[in-house]
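# Summary of structural features
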Amino acid sequence: MRKLDTIIIGAGIAGLSAAARIARHGETVVLERESAPGYHSSGRSATFCHFGIGGGLVHKLTAISKTAFAAPPEGDHPPLARRMAALFIARADEMEKLDTLEATTLAHSPGARRIEGEALRDIVPVLRTGADGFGAGILDPDAYKLDSDAMLQANIRALREAGGSLVTDAPVNAIRRGGEDWIVDTPGESYAAKRIVNAAGSWADVIAEMAGVAPLGLQPLRRTIIVIRPPEGIDVSGWPFTKTVSEEGFYMLPEGSGRLLASPQDETPSEPCDAQPDEETVALAAWRVEQATDIEIRRIEHKWSGLRTFAPDKNPVAGYAPDAPGFFWLAGQGGFGLQTSPAMAMAAEALATGLHWPEELAAHGISPETLSAKRFTA
Ligand SMILES: Cc1cc2nc3c(=O)[nH]c(=O)nc-3n(C[C@H](O)[C@H](O)[C@H](O)COP(=O)(O)OP(=O)(O)OC[C@H]3O[C@@H](n4cnc5c(N)ncnc54)[C@H](O)[C@@H]3O)c2cc1C
């Protein structure tokens, strides 16, 4: 039995970013079922940071986190992010949604501006405009394309520098009380600590039930991505992340190899699992891109799915379980877990270790209660 101060379950962005900070306060181990960190949601994301997702709390957490993405890389390590504009587009009957999004974006990103009609094609030349197409958009020049691998690796480095460790191929299969400790069993080793952090992503409710803690009612929703080749001779590298304001639309963005990555923004309820794309959703992705643009898709070069896991109120959760001392929830990162991870890790460190509540969070009106698991059990 290995005795520790903190056991963190799950080596996705939530678990690792919190681990990098919590490890500074005592011996910490991160247990990951798979053979590599980021195998599930954190490695399957579109990795973008913008204000076109979530409500007020998510926007505030994103605004705080952007400081970390804008910072120059540490030493000779790759940057966590690079600037890429975001363009939100609306059809004639969606202008109210665009107005709301304009106000939200401007509140956090003062350089954002309205783009009307045909001018959308100066930015993304394939977009359909006019009566059957898009009528206006909001261009936010200060959005970021994240690098999930660089983010995971930076957090693993910080975890190790603080004396902590990551154990892969370590599926947690039992959790029980042993005096004041939680005892966590994996096939290779058992671990004991007063504090466990449940950062198991789509499996966070499963982990809670394993520990005899009331689940939160988390819902994993599957999302699908396709990779396509842009029209011959068109360089897409300067295109923004382009997203419809309507959820029944799509988003697309350039990816490193000169190709385009696109999603129909599907949200199919799922059990926690190794999510795989289905043919119908892949076809829907291609159809929505073709309907909205002049792109003719001949071949889908690559496709994948992942789970976005939401709490019942669609806001993230960080805090101790009201019904189990030492059991810390870090869950419900939905479709914004990468872009909010620096701020969420800051909150998790303060709440888990009893540190003073960070000024950055307080200044945005975020309190421990805002993130608490108690909101589902009261
Ligand atoms: C298609 C798609 C697009 C997305 N786009 C964006 C985006 O543009 N921007 C953004 O910010 N976010 C985006 N997201 C959301 C983002 O990916 C997630 O919010 C984030 O990755 C969640 O991180 P996590 O650490 O909670 O979960 P995960 O990365 O899934 O990590 C949880 C880990 O826990 C481990 N685990 C579970 N059970 C056990 C056990 N019993 N024992 C040991 N380990 C266990 C799992 O193996 C897993 O590695 C997207 C997601 C998807 C699927």
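Residues numbered from 1 in each chain as written. Predicted model: local features only at pLDDT ≥ 70, side-chain atom pairs only at ≥ 80, totals over all residues. Heavy atoms only, no water.

## Some points on the site of the ligand
Selection rule: When at least one non-hydrogen atom of a residue lies within 4 Å of a molecule or strand, that residue is treated as near it. N or O atoms within 3.5 Å of each other form a polar contact, as long as, within protein, one can give a hydrogen and the other can take it, and as long as residues adjacent in sequence are counted only when both atoms are side-chain atoms. Residue exposure ignores everything except the shown protein chains as possible cover, and the areas themselves are Shrake-Rupley values with a 1.4 Å probe. Starting at the N terminus, helices and strands are each numbered in turn, a helix being any DSSP run of H or I of at least four residues and a strand any DSSP run of E of at least two. In this count, Pro and Cys sit with the nonpolar residues alongside Ala, Val, Leu, Ile, Met, Phe, Trp and Tyr, while Asp, Glu, Lys and Arg are called charged and the others, Gly among them, polar. Note that domain bounds follow an automatic or database assignment of domains.
Surveying the vicinity of the ligand reveals 39 residues, the closest of which are E32, S42, F48, G334 and Q339. Backbone polar atom of R33 to a nitrogen atom of the ligand: 3.0 Å apart, as the coordinates give it. Contact distances for the ligand include 2.8 Å between an oxygen atom and a backbone N or O atom of Q339. For the ligand, the protein covers 97% of the area, taking 1,000 Å² as the surface of the free molecule. If you list the elements that add at least two residues to the shell around the ligand, you get α1 (13–22), β15 (219–228) and β20 (300–310). The dominant element in the shell around the ligand, judged by the number of residues it contributes, is β20, at three residues. Per-class residue counts for the shell around the ligand are 19 nonpolar, 14 polar and six charged. Mapping the shell around the ligand onto the domain boundaries places at least three of its residues in each of domain 1 (2–43 + 148–218 + 313–376) and domain 2 (85–142 + 219–310).

## A short note on the packing of aromatic side chains
For clarity, the threshold we go by: The criterion for an aromatic pair is that two Phe, Tyr or Trp rings (for Trp, the six-membered ring) have centres within 6.5 Å, with stacked assigned to planes under 30 degrees apart, edge-to-face to planes over 60 apart and tilted to the rest. Burial classification: accessible surface area is computed with a 1.4 Å probe over protein chains only, and a residue below 20% of its type maximum counts as buried, one above 50% as exposed, and the rest as partly exposed.
What the rule picks out here adds up to six aromatic pairs. Where W182 meets F327, the ring centres are 5.9 Å apart and the plane angle is 65°; that geometry is what we call edge-to-face. Residue W182 is located in strand β12 (residues 181–185), and its partner F327 is located in strand β22 (residues 327–331); the two are separated by 145 residues in the primary sequence. Here W182 falls in the buried class, since its relative accessible area comes to 3%. Residue F327 is classed as buried on the basis of its relative accessible area of 0%.

## Digging into the nonpolar core
The criterion, for reference: Residues grouped as a nonpolar core are buried Ala, Val, Leu, Ile, Met, Phe, Trp, Tyr and Cys residues, joined through side-chain atoms within 4.5 Å. Here a residue-residue contact requires only that any non-hydrogen atoms of the pair lie within 4.5 Å.
Counting 40 residues, the largest nonpolar core has V30, L61, L146, L330, L361, I366 and L371 as the members making the most contacts within it. If you list the elements that add at least two residues to this core, you get α1, α2 (56–70), β9 (144–146), α5 (148–161), β22 and α8 (341–353). At seven residues, the largest contribution of residues to this core is made by α8. Residue contacts for V30: discarding those within four places in its chain leaves I8, G10, A11, L16, A19, L159, S165, L166 and V167. Grouped together as the second largest cluster of nonpolar side chains are 30 residues, W182, A208, A311 and A324 included.

## Thoughts on the pairing of strand β6 (residues 86–91)
This is how it is decided: Strands qualify as paired when DSSP identifies two bridges or more between them.
Within β6, five of the six residues are buried, which leaves the element mostly enclosed by the surrounding structure. With six bridges joining them, β6 and strand β8 (residues 134–140) adopt antiparallel strand pairing. Following the sheet pairing, R91 is matched in β8 by F134.

## Things to note about the sheet that holds strand β2 (residues 6–9)
Rule in force here: Each axis is a line fitted through C-alpha atoms, taken for helices only over the stretch in contact, and angles between the N-to-C directions span 0 to 180 degrees.
Overall, mixed pairing links the six strands, which are arranged β10-β3-β2-β14-β22-β21 in an open sheet. Strand pairing shows two members of the sheet lacking a second neighbour, β10 (165–167) and β21 (317–320), which therefore form its edges. Adjacent strand axes in the sheet meet at a mean angle of 15°, parallel and antiparallel pairs treated alike. Where β21 and β22 come together, four bridges link them in antiparallel fashion. Its bridge partner being in β22, V317 is matched across the sheet by A331. Against the sheet, α1 contacts β2, β3 (28–31), β14 (195–198) and β22, and its axis sits at roughly 165° relative to β2. Sitting on the sheet, α5 is in contact with β3 and β10, with an inclination near 120° to β10.

## Some points on the packing of α1 against α8
Counted only if it meets this: To sort the angles, those under 35 degrees are grouped as roughly parallel, those over 145 as roughly antiparallel, those from 65 to 115 as roughly perpendicular, and the leftovers as oblique. It is the rotation of the near helix from the far one that decides the hand of a crossing: anticlockwise by less than a right angle makes it left-handed, clockwise makes it right-handed.
The N-to-C vectors of α1 and α8 enclose an angle of 50°; their axes lie 8 Å apart at closest approach. Classified by the angle their axes make, α1 and α8 are oblique. Note on packing geometry: the crossing formed by α1 with α8 is right-handed. Of the residues in α8, those in contact with I13, S17, A18, R21 and I22 of α1 are S341, A345, M346, A348, E349 and A352. Split into classes, the residues belonging to the contact of α1 with α8 amount to seven nonpolar, two polar and two charged.

## Looking at the domain arrangement of the chain
Much of the literature gives interface size as the accessible area that the parts lose upon coming together. Here is the rule we go by: Buried area is understood as the total, over both parts, of accessible area removed when two parts are fitted together, assessed with a 1.4 Å probe. Salt bridge, as used here: a side-chain nitrogen of Lys or Arg that lies within 4 Å of a carboxyl oxygen of Asp or Glu.
For the chain, the assigned domains are domain 1 (2–43 + 148–218 + 313–376) and domain 2 (85–142 + 219–310). Each of domain 1 and domain 2 has a C-alpha centre, and these two points are 31 Å apart. On the domain 2 side, the residues contacting the 15 residues of domain 1 number 11 residues. Between domain 1 and domain 2 lies a buried interface of about 1,100 Å² when both sides are counted; carbon and sulfur atoms form 57% of it. It is S202, L218 and K314 in domain 1 that bury the most area against domain 2; as a group they hold 42% of the surface buried on that side. In this assembly, domain 1 and domain 2 are joined by zero salt bridges.

## Things to note about the packing of α2 against α8
Packed helices, taken two at a time, are described by the angle their axes make and the gap between the axes. Here α2 crosses α8 at 105°, and the two axes come no closer than 6 Å. When the axes of α2 and α8 are compared, the pair comes out roughly perpendicular. Of the residues in α8, those in contact with L61, I64, S65, A68 and F69 of α2 are S341, P342, A343, M344 and M346. Class assignment of the residues belonging to the contact of α2 with α8 gives a composition of eight nonpolar, two polar and no charged.

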